[in-house]
Amino acid sequence: MQIFGFLDVRNNYIRNQNIRTIRISKTMKELSVNHLIGIKYITKQDIDLIFETADHFKEVINRPIKKVPSLRDVTIANIFFENSTRTKLSFELAQKRLSADVMSFSAAQSSVKKGETLIDTVNNILAMKVDMVVMRHSSPGAAHFLSQNIGASVVNAGDGAHEHPTQALLDSFTIREKLGDVGGKKIVIVGDILHSRVALSNIFALQMQGAEVKVCGPKTLIPKYIESLGVTVEHNLRKALEWADVANMLRVQNERLDVSYFPTTREYTQQYGVTKELLDSLNKEIVIMHPGPINRGVEITSDVADSQQSVILEQVENGVAVRMAVIYLLASKIKN
Ligand code: CP
């Protein structure tokens, strides 16, 4: 398999000349892992390398010619056992921008419905000579299990309420872009922390970079172990926002609620929904984030989601560059 050196590709683009097909130099920095299963398995150096690489790719995707031939000999399968809009499209676009061959698979239209196991499904895909698998699954640990059982690089695109590493990376990348640095910043994650893979991956990523993290939500949606992760808890939204530089608003994951965790959606919104009035009444301007999908009028009002303070669409844009970086760096580790 041939991986093109990114900087050579980039320089060649600048010169608008033929692309040289060279292997990545042995001295090039590389990730400490062969798979991206979760933020807790990577290092601060890995995050720095991903961001440095994503900076270059962000520049590339804002050019008139947005595609580089870096992964021309790489085949990637996106297998989604759970619904997705942003993550699936963002991975597909990232792969296409890198010129990889892309196969996308949704469980709803597959033989999984006929009783095929995860390993059989993936082995059949791998028999088609796939180098990398990007997987979303409802079971925590599914991506780790896959990485132990197949001979391809695995990227976790969300496993149940466990981790969503590329979401946390793009969130931190967006904070870094907006505020200059993640280190020393105060981030509050608001909402359904109990069922959220985004919250857990964000906590690991933000702390690794030296940010302070607080979570805010009803007692029933904050896991009891959360303080053992070095996170503080605040149940009063106004106090949490007054403390924060950034608020990352999470939706209530209704699809994972087995019982009622709060009396009514209206009551939840009154206590934990961010409104323009609430933001305007704070003594400072904070950055508003949301991983999507947004429930407008529940955890965030439309005027906040669409305001100057919101970086929600920047998060989506940065997702492509960050996922290009992750895929590119992992692909460069795949042995021939
Ligand atoms: N942020 C996120 O994971 O969105 P999707 O569920 O649409 O992929």
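The rules behind these values
- Residues numbered from 1 in each chain as written.
- Predicted model: local features only at pLDDT ≥ 70, side-chain atom pairs only at ≥ 80, totals over all residues.
- Heavy atoms only, no water.
- Helix = DSSP H or I, 4+ residues; strand = E, 2+ residues; numbered from the N terminus.
- Rg over C-alpha atoms; globule rule 2.2 N^0.38 Å.
- Buried < 20%, exposed > 50% of the residue type's maximum accessible area, 1.4 Å probe, protein only.
- Contact = heavy atoms within 4.5 Å.
- Areas by Shrake-Rupley, 256 points an atom, 1.4 Å probe, with all protein chains shown as cover.
- Lys, Arg positive; Asp, Glu negative; His and termini not counted.
- Charge placed at Lys NZ, Arg CZ, Asp CG, Glu CD.
- UniProt positions renumbered as here; feature names shortened; annotations may be inferred.
- Phe/Tyr/Trp six-rings, centres within 6.5 Å; stacked < 30°, edge-to-face > 60°.
- Near = heavy atom within 4 Å.
- Polar contact = N/O pair within 3.5 Å; in protein donor to acceptor, adjacent residues only side chain to side chain.
- Nonpolar A, V, L, I, M, F, W, Y, C, P; charged D, E, K, R; others polar.
- Domains from an automatic or database assignment.
- Axes fitted to C-alpha atoms, helices over the stretch in contact; angles between N-to-C directions.
- Left-handed = near helix turned anticlockwise from the far one by under 90°.
- Salt bridge = Lys/Arg side-chain N within 4 Å of Asp/Glu carboxyl O.

K.L.:
Can you walk me through the overall build of the protein chain in this structure?
P.N.:
Helix and strand counts for the protein chain come out as 12 helices and nine strands. For the protein chain, whose C-alpha radius of gyration is 20 Å, the value lies close to the compact-globule estimate of 20 Å for 336 residues. Over its C-alpha atoms, taken along the principal directions, the protein chain stretches across nearly 55 × 50 × 35 Å. The proportion of buried residues among the 336 residues of the protein chain is 55%. A sequence separation of at least 24 residues applies to 73% of the contacts in the protein chain between residues at least 6 apart. Within the structure as shown, the protein chain displays about 14,800 Å² of accessible surface, and the carbon and sulfur contribution to it stands at 49%. With 40 positive and 36 negative side-chain charges, the protein chain shows a spacing of 4 Å between the two charge centroids.

K.L.:
Any chance you could explain the UniProt feature "binding site: carbamoyl phosphate" (unreviewed entry) in the protein chain here in plain terms?
P.N.:
UniProt marks Arg 86, Thr 87, Arg 136, His 164, Gln 167, Gly 292 and Pro 293 with the feature "binding site: carbamoyl phosphate" (unreviewed entry), using the numbering shown here. Along the polypeptide, Gly 292 turns up in the loop between strand S9 (287-289) and helix H11 (302-305). Here Pro 293 is to be found in the loop between S9 and H11. The class for Pro 293 is partly exposed, based on a relative accessible area of 37%. Setting aside anything within four residues of it in sequence, one finds Pro 293 in contact with Arg 86, Arg 251 and Glu 299.

K.L.:
Hey, could you run me through the packing of aromatic side chains in this one?
P.N.:
The relation between two aromatic rings is expressed through the spacing of the ring centres and the mutual angle of the planes. Tallied over the entire structure, the rule returns five aromatic pairs. On the basis of an interplanar angle of 70° and a centroid distance of 5.4 Å, the ring pair of Phe 51 and Phe 173 is categorised as edge-to-face. Here Phe 51, found in helix H2 (residues 44-61), pairs with Phe 173, found in helix H6 (residues 165-179); they are 122 residues apart in sequence, far enough to count as distant. Taking relative accessible area as the criterion, Phe 51 reaches 2% and is therefore assigned buried. Where Tyr 268 meets Tyr 272, the ring centres are 5.7 Å apart and the plane angle is 40°; that geometry is what we call tilted.

K.L.:
Is there a simple way to think about the site of the ligand in this case?
P.N.:
Around the ligand, the neighbouring residues are Ser 84, Thr 85, Arg 86, Thr 87, Arg 136, His 164, Gln 167, Pro 291 and Gly 292. Contact between the ligand and His 164: an oxygen atom at 2.9 Å from a side-chain N or O atom of the residue. With the chains in place, 91% of the 250 Å² that the ligand exposes on its own is no longer accessible. Looking at the shell around the ligand residue by residue, the class counts come to one nonpolar, six polar and two charged. Shared between two domains, the shell around the ligand takes at least three residues from each, and those domains are domain 1 (39-163 + 317-335) and domain 2 (165-315).

K.L.:
Looking at this structure, how should I read the packing of H6 against helix H12 (residues 312-331)?
P.N.:
Two packed helices can be described by the angle between their axes and the distance between those axes. In the contact formed by H6 and H12, the axes pass within 8 Å of each other and the chain directions differ by 115°. For H6 against H12, the interelement crossing comes out right-handed. In this structure, H6 uses Thr 166, Gln 167, Leu 169, Leu 170, Asp 171, Phe 173, Thr 174 and Glu 177 to contact H12, whose residues at the interface are Glu 314, Gln 315, Asn 318, Gly 319, Val 322, Arg 323 and Val 326. Of the residues contributing to the contact of H6 with H12, the split by class is five nonpolar, six polar and four charged.

K.L.:
Looking at this structure, I do not really get the pattern of salt bridges. What am I missing?
P.N.:
Close approach of charged atoms allows side chains with opposite charge to pair. All told, the structure shown has 12 salt bridges when counted by the stated rule. Between Glu 242 and Arg 238 there is a salt bridge; the shortest N-O distance is 3.6 Å. Highlighted residues: Glu 242 and Arg 238, both in helix H8 (residues 237-243), separated by four residues, approximately one helical turn. The class for Glu 242 is partly exposed, based on a relative accessible area of 36%. Between Lys 276 and Asp 280 there is a salt bridge whose closest N-O contact spans 3.0 Å. Separated by four residues within a single helix, Lys 276 and Asp 280 lie in helix H10 (residues 276-280), roughly one turn from each other.

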